[in-house]
Amino acid sequence: MPPAIRSAAVFCGSRLGANPVFAQAARALGQGLAARGITLVYGGGGIGLMGTVAEAAVEAGGTVRGIIPEFLTKLERPSPRLAEIEITDSMHSRKRRMFDLADAFVTLPGGLGTLDETVEVLTWRQLRLHAKPVIILDIGGWAQPVVALIDAMIAHGFVAPDNREFFRVVPDVPAALALLEAAPAGPAEPSGRL
Ligand SMILES: Nc1ncnc2c1ncn2[C@@H]1O[C@H](COP(=O)(O)O)[C@@H](O)[C@H]1O
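Keep in mind that what you see is a predicted model, and the values were worked out from it rather than measured. (Residues numbered from 1 in each chain as written. Predicted model: local features only at pLDDT ≥ 70, side-chain atom pairs only at ≥ 80, totals over all residues. Heavy atoms only, no water.)

> Is there a simple way to explain the site of the ligand in this structure?
Not every one of the 16 residues close to the ligand is listed here, only the nearest: Ser14, Glu76, Gly111, Thr114 and Asp116. Here Ser14 contributes a side-chain N or O atom positioned 2.6 Å from an oxygen atom of the ligand. Between an oxygen atom of the ligand and a main-chain N or O atom of Gly113, the distance comes to 2.9 Å. When the ligand is considered free in solution it has 480 Å² of accessible area, and contact with the protein chains removes 78% of it. In a pocket analysis with a 2 Å cut-off to the grid points, the ligand is assigned to the largest pocket. Those elements giving two or more residues to the shell around the ligand turn out to be α4 (91-101) and α5 (112-126). With five residues, α5 is the largest single contributor of residues to the shell around the ligand. (Near = heavy atom within 4 Å. Polar contact = N/O pair within 3.5 Å; in protein donor to acceptor, adjacent residues only side chain to side chain. Areas by Shrake-Rupley, 256 points an atom, 1.4 Å probe, with all protein chains shown as cover. 1 Å grid on protein atoms, 1.4 Å probe; cavity = no way out; pocket = protein on both sides within 12 Å on 5 of 7 lines; lining within 4 Å. Sits in = over half its atoms within 2 Å of the grid points. Helix = DSSP H or I, 4+ residues; strand = E, 2+ residues; numbered from the N terminus.)

Below, the structure written as structure tokens:
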């Protein structure tokens, strides 16, 4: 039996967004991961939803691993409350490190960086480079246009219909936590290397 999910990388905005439900969800996710003993891996910033999810996990006694490129430390200001912050030499090494440390990926609302990170793990899944769960939280309708775009690419014949199975969209944090609890941690690289 494969081991359970022990860590989850959370991708989310470096801003709080326009709707307070985004921060409420980020807080609930941080608390929920901590309560389940799931390590939060995230981009290391102390601002926006990134800071919210990390602070909530720390306050709830969880393990948090922040990974941030050196050039962003002034811009995204890691929280001084983080026990563990890893400084990388580039954005690419940050993303690679987050990928390596995570058994699963969870996307909260965010901007272009959040979208990039989410799409990247989906493309790596498409290339059979990993089989880790990808869970997208549709808070306040944020995920609807993202899912619509992917569905349109399937309809236009650019994405295989089966690839729709690579991610799950859930309406709230309890549903995301339930998926994490139910999922086995698959092999990171089933048929290739990044
Ligand atoms: N191109 C990017 N690739 C990966 N990560 C990125 C990129 N641009 C920004 N980021 C990081 O993602 C988070 C969230 O950014 P939002 O744009 O607020 O969603 C942040 O840490 C960015 O540094």
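Right, picking up where we left off after that structure.
> Sorry if this is basic, but what is going on with the sheet that holds strand β6 (residues 134-137) here?
Working definition: the strands of a sheet are paired by backbone hydrogen bonds and lie parallel or antiparallel to each other. Read from one edge to the other, the open sheet built from seven strands follows the order β4-β3-β2-β1-β5-β6-β7, with strand pairing classed as parallel. Two strands in the sheet have a free side with no partner beyond their single neighbour: β4 (84-88) and β7 (168-170). Each adjacent strand pair in this sheet contributes to an overall mean axis angle of 25°, direction not counted. In this sheet, β6 lies alongside strand β5 (residues 104-107) in parallel orientation, the contact comprising three bridges. By the bridge assignment, Val106 is partnered in β6 with Ile135. Sitting on the sheet, helix α2 (residues 48-59) touches β2 (39-42) and β3 (64-69), and the angle it makes with β2 is about 160°. (Pairing = 2+ DSSP bridges. Axes fitted to C-alpha atoms, helices over the stretch in contact; angles between N-to-C directions. Contact = heavy atoms within 4.5 Å.)

> When you look at the nonpolar core in this model, what are you seeing that I'm missing?
Soluble globular proteins tend to bury their nonpolar side chains together. Counting 57 residues, the largest nonpolar core has Leu29, Leu33, Leu40, Leu137 and Leu180 as its most contacted members. Top contributing element to this core by residue count: helix α1 (residues 20-35), with six residues. The contact partners of Leu29, leaving out residues within four places of it in the chain, are Val10, Val53, Val106, Leu108, Leu137, Val173 and Leu177. (Core = buried A, V, L, I, M, F, W, Y, C linked by side-chain atoms within 4.5 Å. Buried < 20%, exposed > 50% of the residue type's maximum accessible area, 1.4 Å probe, protein only.)

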